[in-house]
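# Secondary and tertiary structure notes
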Amino acid sequence: MSDSAGSGESGGVAGAGQDAEADGEPPHQAPASPEGDRLEGEVTSEDVVPSSAKRPRISEEEPGLEQVAKPVDMHGETPAQTGLLQEDPAPPEQRTGEPLQHEDVGEEAPESGGGEEEECHQNGNGGHDAPLEEGETKPEEELNDNGSADIPSEGQRLGLDFTQNPQMLTGSWTEYSNFPENYLKGCKWAPDGSCILTNSADNVLRVYNLPPEIYSYNWDSLPEMSPVLRMAEGDTIYDYCWYPKMNSLDADTCFLASSSRDNPVHVWDAFYGEVRASFRPYNHLDELTAAHSLCFSPDGTQLYCGFDKMVRVFYTDRPGRDCEERPTVVKKQGQNGIISCFGFSPCQSVYACGSYSRCAGLYSCQDGSLLALLPTRHHGGLTHLLFSPDGNYLYTGGRKDPEILCWDLREPGKVVFSLKRNVATNQRIYFDLDQSGRYLLSGDTERVVSVWDTQTAPPDGNEELLQPQLMFQAHWDCTNGISIHPFMPLLATSSGQRQFPSPGESEGDSASEGEGDEAVVSPQETRQDNALSLWWAGPLGPTAAAAEGSQEPSTEVVEA
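The notes below deal with the structure included here. Predicted, not measured: the structure shown is a model, and the values here were computed from it. Numbering of residues starts from 1 in each chain and follows the order in which that chain's sequence is written. In keeping with the model being predicted, local features are shown solely for residues with a pLDDT of at least 70 and side-chain atom pairs are shown and tallied solely at 80 or more, while totals for entire chains, interfaces and linings include all residues. Heavy atoms from the whole structure form the basis of all side-chain values; hydrogens and water molecules are not counted.

Each regular strand displays side chains that alternate between the two surfaces of the sheet. Whether a residue is buried, partly exposed or exposed follows from its accessible area with a 1.4 Å probe, protein chains only, as a fraction of its type maximum: under 20%, in between, or over 50%, in that order. Helix numbering and strand numbering both begin at the N terminus, where a helix is a DSSP run of H or I of at least 4 residues and a strand a DSSP run of E of at least 2. Among the 6 residues of strand β21 (residues 382–387), 6 are classified as buried, and the element is accordingly described as predominantly covered. Across 5 bridges, the pairing between β21 and strand β22 (residues 393–398) is antiparallel. Within β22, the residue paired with F387 across the bridge is L394. Strands pair, by our definition, only if DSSP identifies at least two bridges between them.

This is the structure in structure tokens:
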């Protein structure tokens, strides 16, 4: 990866904590230097304890939860903050360490899940459906492409358990209270599971380390999370993504890409928050144009960027303006609209593009030729899509669209089943699949997270509506982002949306053409909640179960 920075290409480019040149940039940025990225109170010893702020919100501040698949008539049950100590699945001496703190390069090693990139995700060997037995674990050489032996132990690979409500462990909310209406726009786990990346309305990307207490199950002492890095873009961030081979043991692989309005694509160093390189796309008038969507190829050698009826492919080892152009409309035939999202098949040399023209297309990775154009079934422009781990199915979701559709790619055009969620605005509402492809999770504009078990769908489904297995209220406001940890039963959720004083009142064209994340809502209808939350979605030990059972449920009924 070239270390050449894009100096002079973007007036708003700033390192971690630098003041961007946009008028709306928050005043609370830290100085731009590796030392400046350290937050006050952080400890950089071998114990790697994150800075302590305040305890996570509990009791009346917690959203209510509801048990399995009932109408969303949720009671305000308080997620347990204490008494959640699970029976330790493995002795401490068998664990492989704690996540690498970004400011201490090369000292602490993460519990690397480096094998998330193996072909087809190597599903079927336990996955997340149940705790893996000792003989079911994957070999080290399959789990870590970088040759590192620092992988999670067998006992830590617990499966997701959605027979009960996930328990909120900690989160970050003070960080987003210093800037008016600083709502989040999604969250994404790093490929090795060591940290979380968030995007927010102040045009700052933040990196949070996974609290080390998670590994030791000391959940009663979890502090509020604080970012270890802030990377400020100069304008509205359209999209962002991790390098798929990212491993905290190898600093050269720790980077991410972001695209913002009127700026080139920036590649950020995930240790120091500095711009490593820039990719400069130009239009037919030789004017710099911003990418509306980004995605690295599975091997990380290429960066795909979405534009209006165009995909441009850059090579990650050649920063600059040289790229391959792949139009999605040829001789007035093809996929129209702005390419708003990407997805790569885990088993075949195929990628999918979603567009604001409400359709998705399948393309060859070799030359970008159109293989299939799926029918226009969505009511709004596509904002997110995912392949199943076996590559046979494609999930698509759109803005102002109440459905996530599951397409059978063996019969292009066939919808196997649909998943119902509430999406009443143009905001991008993410959904995610676990590594086994069994569970699909999505938030919605009504504050609810829904969990679907895709294995309960009939094998010969004919566009049937699949009912959720579990629904719970994660936040007091729109739950727009959700991300499942690569190898632990942890969920990350983000919340918030643009608020207006009264229905129908607008602030003008302040949102980007691509994302359009404005929400016309009444303050009486929703309660502002801009936060990142971390949830435990694994099995609970006897001690935790007893503590959970001893809690008296709240009598407050929260309508979703």
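A separate point is the pattern of salt bridges. Basic side-chain nitrogens of Lys or Arg form a salt bridge, by our definition, when they fall within 4 Å of a carboxyl oxygen of Asp or Glu. A full pass over the atoms with the stated rule returns 12 salt bridges. With a shortest N-O distance of 3.8 Å, D239 and K188 are connected by a salt bridge. Note that D239 is positioned in strand β7 (residues 237–242) and K188 in strand β3 (residues 184–189), a separation of 51 residues in sequence. Residue D239 shares its accessibility class with K188, and that shared class is buried.

Bringing unusual backbone geometry into the picture now. In terms of backbone geometry, most residues other than glycine have negative phi values and most peptide bonds are trans. Phi is positive for E181, which is not a glycine, with a value near 50°. Examined against the element boundaries, E181 turns out to sit in the loop between β2 (167–172) and β3. Look at D286: it is not a glycine, yet its phi comes out positive at around 60°. Tracing the sequence through the fold places D286 in the loop between β10 (275–279) and β11 (293–296).

We now examine the sheet that holds strand β4 (residues 195–200). The strand order β3-β4-β5-β6 describes an open sheet built from 4 strands, whose pairing is antiparallel. Single-partner strands in this sheet number two, and they are β3 and β6 (229–232). Shown here is a sheet whose adjacent strand axes are inclined to one another by a mean of 20°, direction ignored. Examined bridge by bridge, β4 and strand β5 (residues 204–209) share 5 bridges and lie antiparallel to one another. Within β5, the residue paired with C195 across the bridge is N209. Angles run from 0 to 180 degrees between N-to-C directions of axes, and those axes are lines fitted to C-alpha atoms, restricted for helices to the stretch in contact.

As a further point, take the sheet that holds strand β14 (residues 324–327). Sheet architecture is open: 4 strands sit in the order β11-β12-β13-β14, paired in antiparallel fashion. Every interior strand has two partners, whereas the edge strands, β11 and β14, have only one. Ignoring strand direction, the axes of neighbouring strands in this sheet form an average angle of 20°. Bridge count for strand β12 (residues 302–307) against strand β13 (residues 310–315) is 6 bridges, and the pairing is antiparallel. Within β13, the position partnered with F307 by the bridge is M310.

Looking now at the nonpolar core. The set of buried Ala, Val, Leu, Ile, Met, Phe, Trp, Tyr and Cys residues whose side-chain atoms join them within 4.5 Å is what this entry labels a nonpolar core. Judged by nonpolar contacts, the single largest core of 22 residues is most densely connected at L210, I214, M488, L490, L534 and W536. When contributions to this core are tallied by element, the ones reaching two or more residues are β3, α2 (213–216), β31 (490–495) and β32 (532–536). In terms of nonpolar packing, the next biggest core, distinct from the first, is built from 19 residues, L205, V207, W242 and Y430 among them.

Further remarks concern the packing of aromatic side chains. Two aromatic rings from Phe, Tyr or Trp, using only the six-membered ring of Trp, form a pair when their centres are within 6.5 Å; if the ring planes differ by under 30 degrees the pair is stacked, by over 60 it is edge-to-face, and anything between is tilted. Tallied over the entire structure, the rule returns 13 aromatic pairs. Chaining the aromatic ring pairs together yields one cluster made of Y304, F342, F344, Y351 and Y363. A positively charged side chain is recorded as over a ring if its NZ (Lys) or CZ (Arg) lies within 6 Å of the ring centre. The angle to the ring normal must also be within 35 degrees. Sitting over the face of the ring of Y240, K188 holds its NZ or CZ atom 4.3 Å from the ring centroid. Taking NZ or CZ as reference, R312 lies 4.6 Å from the ring centre of F307, over its face.

A few words on the side chain of S355. Examined against the element boundaries, S355 turns out to sit in strand β18 (residues 350–355). S355 sits in the buried class, given a relative accessible area of 0%. Distance and chemistry together define a polar contact, namely a pair of N or O atoms within 3.5 Å, with one atom able to donate a hydrogen and the other to accept it when in protein, and with adjacent residues in sequence counting only for side-chain atoms on both sides. A polar contact is formed between the side chain of S355 and the backbone oxygen of N336, at a distance of 3.0 Å. Any two residues whose heavy atoms approach within 4.5 Å are treated as being in contact. Beyond its immediate stretch of four places on either side in the chain, S355 contacts Q335, N336, G337, I338, I339, S340, G381 and L382.

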